[in-house]
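# Structural features, examined
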Amino acid sequence: MSKELRFLIVDDFSTMRRIVRNLLKESGYADADEAEDGVVALQKLRNTSFDFVVSDINMPNMNGFQLLSEIKKDDKLKHLPVLMVTAEARKEDIVMAAQQGAAGYIVKPFTKATLEDKVNHILTKMGLK
Amino acid sequence: MADPVEQSPNGSFATAQEVHHQLGALTRQLHDSLTGLGLAAKVKGWAGELPDAKSRLSYIARLTGEAAEKVLNEVDQAKAQHDFIATETRRIGELIVKDPVAAVAKGHVLNFVHDVENASKKVDQHLTEIMMAQDFHDLTGQVIAKVVNLAATIEEQLVLLLIKTAPPEAAIKAAPTHEPYVPALDGPVVNGNDNPDVVTDQSQVDDLLASLGF
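Residues numbered from 1 in each chain as written. Chains lettered and ligands numbered in written order. Predicted model: local features only at pLDDT ≥ 70, side-chain atom pairs only at ≥ 80, totals over all residues.

## A look at the overall build of chain B
Short version of the rule: A helix here means a DSSP run of H or I that spans at least four residues, while a strand means a run of E at least two residues long, and both kinds are numbered starting from the N terminus. Using C-beta atoms placed from the backbone, we call a residue buried if 20 or more other C-beta atoms fall within 10 Å of its own, exposed if 12 or fewer do, and partly exposed for counts in between. Residue pairs qualify as contacts under a 7 Å threshold applied to their C-beta atoms, which are placed from the backbone.
For chain B, the count of helices and strands is six helices and two strands. Across the 214 residues of chain B, 9% fall into the buried class. Taking the contacts inside chain B whose residues are at least 6 apart along the sequence as the reference set, 62% of them involve residues at least 24 apart.

## Thoughts on unusual backbone geometry
All names here are of chain A. At the junction of K108 and P109, the peptide bond is cis and its omega measures out at -5 degrees in the coordinates. Within the secondary structure layout, P109 lies in the loop between β5 (104–107) and α5 (112–125). Even without glycine at this site, N61 takes up a positive phi of about 70 degrees. One can find N61 in the loop between β3 (52–55) and α3 (64–73).

## Quick word on the packing of helix α2 (residues 38–47) of chain A against α3 of chain A
Residue and element names in this part refer to chain A. Stated formally: Here an axis means a line fitted to C-alpha atoms, over the contact stretch when the element is a helix, while the angle between two N-to-C directions is reported on a 0 to 180 degree scale. Geometric relationships in this document are graded by angle, where less than 35 degrees denotes roughly parallel, more than 145 denotes roughly antiparallel, 65 to 115 denotes roughly perpendicular, and other angles denote oblique. Working rule for handedness: look at the near helix, and if it is turned counterclockwise from the far one by less than a right angle, call the crossing left-handed; if clockwise, right-handed. Under the scheme applied here, ten amino acids are nonpolar (Ala, Val, Leu, Ile, Met, Phe, Trp, Tyr, Cys and Pro), four are charged (Asp, Glu, Lys and Arg), and all others, including Gly, are polar.
Here α2 crosses α3 at 25 degrees, and the two axes come no closer than 9 Å. In this view, α2 runs roughly parallel relative to α3, as classed from their interaxial angle. Two packed elements cross with a definite hand, and for α2 against α3 that hand is right-handed. Residue-level contacts link G38, A41, L42 and L45 of α2 to G64, Q66, L67, E70 and I71 of α3. Among the residues making up the contact of α2 with α3, the classes are represented as five nonpolar, three polar and one charged.

## Some points on the interface of chain A and chain B
The interface of chain A with chain B comprises 25 residues on the first partner and 26 residues on the second. Looking at the side of chain A that touches chain B, the element that brings in the most residues is helix α1 (residues 14–26) of chain A, giving five residues. Here the side of chain A that touches chain B is composed, by residue class, of 14 nonpolar, five polar and six charged.

## Description of the nonpolar core
As a reminder, the rule being used: Note on terminology: a nonpolar core is any set of buried Ala, Val, Leu, Ile, Met, Phe, Trp, Tyr and Cys residues joined through C-beta atoms within 7 Å.
In terms of nonpolar packing, the biggest core is built from 48 residues, with V54 and M84 of chain A touching the most fellow members. Setting aside its immediate chain neighbours within four residues, V54 of chain A contacts F7, I9, V10, V20, L83 and V85 of chain A.

## What to know about the packing of helix α4 (residues 91–99) of chain A against helix α6 (residues 202–211) of chain B
α6 of chain B packs onto α4 of chain A with a crossing angle of 55 degrees between their chain directions and a minimal axis gap of 10 Å. Viewed along their axes, α4 of chain A and α6 of chain B adopt a mutual orientation that is oblique. Between α4 of chain A and α6 of chain B lies a crossing whose hand is right-handed. Two secondary-structure elements touch here, α4 of chain A through K91, I94 and A98 of chain A and α6 of chain B through V205, L208 and L209 of chain B. Of the residues in the contact of α4 of chain A with α6 of chain B, the class split is five nonpolar, no polar and one charged.

## Quick notes on the environment of I92 of chain B
Residues and elements named next belong to chain B. Examined against the element boundaries, I92 turns out to sit in helix α2 (residues 40–98). In this structure I92 comes out as partly exposed when scored by C-beta crowding, with 18 C-beta atoms within 10 Å. Placed 21 residues apart in sequence, I92 and V113 show a C-alpha to C-alpha distance of 10.0 Å. Sequence-distant contacts of I92, that is, excluding residues within four places in its chain, are made with A103, H108, V109 and F112.

## Description of the pairing of strand β4 (residues 82–86) of chain A
Residues and elements named next belong to chain A. To keep it simple, the criterion reads: Two strands are counted as paired when DSSP detects at least two bridges linking them.
Within β4, five of the five residues are buried, which leaves the element mostly enclosed by the surrounding structure. Residues V82, M84 and T86 point to one face of β4 and L83 and V85 to the other, with burial holding for every one of them. Summarising the sheet, β3 and β4 pair through three bridges and their orientation is parallel. Following the sheet pairing, V53 is matched in β4 by V82.

## Some thoughts on the sheet that holds strand β1 (residues 7–10) of chain A
Residue and element names in this part refer to chain A. The strand order across the open sheet formed by five strands is β2-β1-β3-β4-β5, and the pairing between neighbours is parallel. Both edges of this open sheet fall to β2 (32–35) and β5, since each of them pairs with a single strand only. Each neighbouring strand pair of the sheet contributes to a mean axis angle of 20 degrees, computed without reference to strand direction. Relative to β2, β1 runs parallel, the two sharing four bridges. When the bridges of β2 are listed, F7 appears paired with A32. Sitting on the sheet, α2 touches β1, β2 and β3, and the angle it makes with β1 is about 165 degrees.

## Re α2 of chain A
All names here are of chain A. Here is the rule we go by: Directions pointing from the helix axis toward each C-beta atom define the arc.
G38, A41 and L45 are the residues of α2 that are buried. Across the axial projection of α2, the buried residues extend over an arc of 60 degrees, all falling on one side. The outward face of α2, more than 90 degrees from its buried face, is lined by the exposed residues Q43, R46 and N47.

## With respect to α1 of chain A
All names here are of chain A. Basically, it comes down to this: By definition here, a helix of n residues has an expected span of 1.5 Å times n minus one.
Under the 1.5 Å per step criterion, the end-to-end length of α1 is 18 Å for 13 residues, consistent within 8% with the ideal 18 Å. Among all positions of α1, only M16, R17, I19, V20, L23 and L24 are buried. For α1, the angular spread of buried residues about the axis comes to 165 degrees, placing them on one side. Of the residues trailing α1, G28 is marked for its positive phi of about 100 degrees.

See below:
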């Protein structure tokens, strides 16, 4: 069942999108799409069905916090788990993300095991795995 | 007697003391001009940001260096595994050519299959590590953007100062300056150990969230 889950990877750096995409694939989640900022991500989320969002924070046009806020305000999207994967390491950012409804928070640089653990933990918690 | 240190346009030499006085006068003039133009606070801000820019450049150098070393190490190990597979393939090939039945019966073929499978897994792990090492592009890219913005802001303000202090005959109309980009977020932690307000690894993130009940 878990292999059919569809992921959206949001990051303004294509290198990081490829890394996350490849890691998810290695972990058994091959179905993924990409967006370079919050605006594009929101468009894709509203036009296509996704099960999981992995998002950076510091991005142009619409940052990860704004994207998270838009997702949680949208009745059709608010159920989506959003895992923040970011270089932002201020404690207040981490707390803010949790308070806004982020399902998890990973600081860059991270390992394959960390990403896999967080994704699996969130999916298990949501009964999706 | 003071040493002559500089030859003036008319051919005479200025003493070190005279040069010192001239520098002092220039510094005071610059200070007065900056204060008069309301730029003193901005210059004070640059002074605070320049050491930060130095730290950020050092961070870039360290991160790119570490990434390069990691990739080279992983390539070395992957190549060693690849060499092993190549050597074993030649060896088993010779055994099969020599006596195919014995090669299978004595377990040489099955051992070879297991060895290749294990070596392939290791090669795959090294390739994953090489891929992960490329995250330096994202992290250093964010830091470079901040340093570039700082340099652009300083350049812009210096040009503005030059225009405002230019004599009337040399004055040109200043182009309207765009608002300097102020990053909303801090980006990668450059000196995390010195700052209690930031986390330096994932375990600290997990502990923080757990302490808040998330």
